[in-house]
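# Structural overview
Listed here are the chains, written in short residue letters.
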Amino acid sequence: KLWEAVKAFSEKAEISTINVKTQYDFLNEKCLEVKNGYLQVPFFDTQLAAYLLNPLKSDYDAEAIATEYLNMSIPGEKEFFGKKTFGEMAAEQKEALGDFCVKQAYVALKATPVLKSALQEKGMESLMKDIEMPLSYVLYDMEKEGISLKVKELKEYGERLKNRIDVLETEIFTLCGENFNINSLPIR
């Protein structure tokens, strides 16, 4: 019955969340379907949207989203949980956990229109809906099932890339007439 309710609700309204990939174990395939060749993920992931808008940041949690897009401050996970797990908090401090969850939900709800507007301004709505959201499930599935790697070939490829970068850096320094930290230059 819960799945039917979630699915019925998601057909009438979009559900906003933070980091949907961590919630797929709970959601499973019961809330997902394929239409026109696309996996339909009836959610809007505020964390993923924030990443698309600024992929150079280091943090996209509710605290960072609240600060950047809502001009508000909320306590972060470390302040709520300390070293405890979600399960330990649920068993020991239900009220504090409830407060944490409400704040997370509030940020997801309020940040969604702001993030959608920013995505629209940058022409990234289709990227978010048609590629990134379905891809989040593919990545979840890969992490869950695992993938095999050819470690030796991967290391060799990494070495070839490093060597090529070294050659390009030398060429840049020669053209500029001096050495400098290429990684510190602003991206234009």
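For the structure given in this document, a descriptive report is provided here. Numbers given for residues are sequential positions, taken from 1 along each chain in its written order. With the structure being a predicted model, the display of local features is reserved for residues of pLDDT at least 70 and the display and counting of side-chain atom pairs for 80 or more, all residues being used for whole-chain, interface and lining totals. Only hydrogens and water are set aside when side-chain values are computed; all heavy atoms of the structure are taken into account.

### Some details on the overall build of the protein chain
- Every helix listed is a DSSP run of H or I at least four residues long, and every strand listed is a run of E at least two residues long, numbered separately from the N terminus. If you tally the helices and strands in the protein chain, you get nine helices and four strands.
- Going from N to C terminus, the protein chain has its helices and strands arranged as α-β-α-β-β-β-α-α-α-α-α-α-α.
- A buried classification covers 28% of the 188 residues belonging to the protein chain.
- What makes two residues a contact is simply this: any of their non-hydrogen atoms within 4.5 Å. Once local pairs closer than 6 in sequence are excluded, the contacts in the protein chain between residues at least 24 apart make up 61%.
- Carbon and sulfur atoms provide 55% of the accessible area of the protein chain, an area that totals close to 13400 Å². A 1.4 Å probe rolled over the protein chains alone gives each residue an accessible area, and that area as a share of the maximum for its type sets the label: buried under 20%, exposed over 50%, partly exposed in between. Residue exposure ignores everything except the shown protein chains as possible cover, and the areas themselves are Shrake-Rupley values with a 1.4 Å probe.

### Concerning the side chain of Gln104
- Examined against the element boundaries, Gln104 turns out to sit in helix 7 (residues 94-121).
- Aside from chain neighbours lying at most four places away, what touches Gln104 is Ile18, Ala62 and Ile74.

### A short note on the packing of aromatic side chains
- Aromatic pairs are defined between Phe, Tyr and Trp rings, using the six-membered ring for Trp, whenever the two ring centres lie within 6.5 Å; interplanar angles under 30 degrees are classed as stacked, those over 60 as edge-to-face, and all others as tilted. Evaluation of the coordinates by the stated rule reveals four aromatic pairs.
- Between Tyr51 and Tyr60, the aromatic rings sit 5.6 Å apart at their centres with planes inclined by 80°, giving edge-to-face as the arrangement.
- Look at Tyr51 and you get partly exposed, because its relative accessible area is 39%.
- Judged by relative accessible area, Tyr60 falls into the buried class, the value being 11%.
- Ring plane angle 75° and centroid distance 5.4 Å describe the contact between Phe173 and Phe180, whose orientation is recorded as edge-to-face.
- Using a relative accessible area of 16% as the deciding quantity, one classes Phe173 as buried.
- On the basis of relative accessible area, Phe180 is assigned to the partly exposed category, the value being 28%.
- Criterion for a charge above a ring: Lys NZ or Arg CZ within 6 Å of the ring centre, and within 35 degrees of the ring normal. Across the ring face of Phe44, the terminal group of Lys116 is positioned such that the distance to the ring centre comes to 5.3 Å.

### Regarding the side chain of Ser136
- As for its position among the elements, Ser136 is in helix 8 (residues 125-145).
- What Ser136 contacts, discounting residues up to four positions off in sequence, is Val20, Lys21 and Tyr24.

### A short note on empty space enclosed by the protein
- Both site types are read off a 1 Å grid over the protein atoms alone. A 1.4 Å probe that fits but cannot get out defines a cavity, while an open set with protein on both sides within 12 Å along at least five of seven lines defines a pocket; lining residues have an atom within 4 Å of a point. Grid points are joined across faces, edges and corners, and a volume is the space filled by probe spheres set on the points. Taken as a whole and judged by the stated rule, the model has one cavity of 30 Å³ or more.
- Reported here for the largest cavity is a volume of approximately 30 Å³.
- Split by residue class, the lining of the largest cavity holds one nonpolar, two polar and three charged. Polar here means any residue outside two lists: the nonpolar Ala, Val, Leu, Ile, Met, Phe, Trp, Tyr, Cys and Pro, and the charged Asp, Glu, Lys and Arg; Gly therefore counts as polar.

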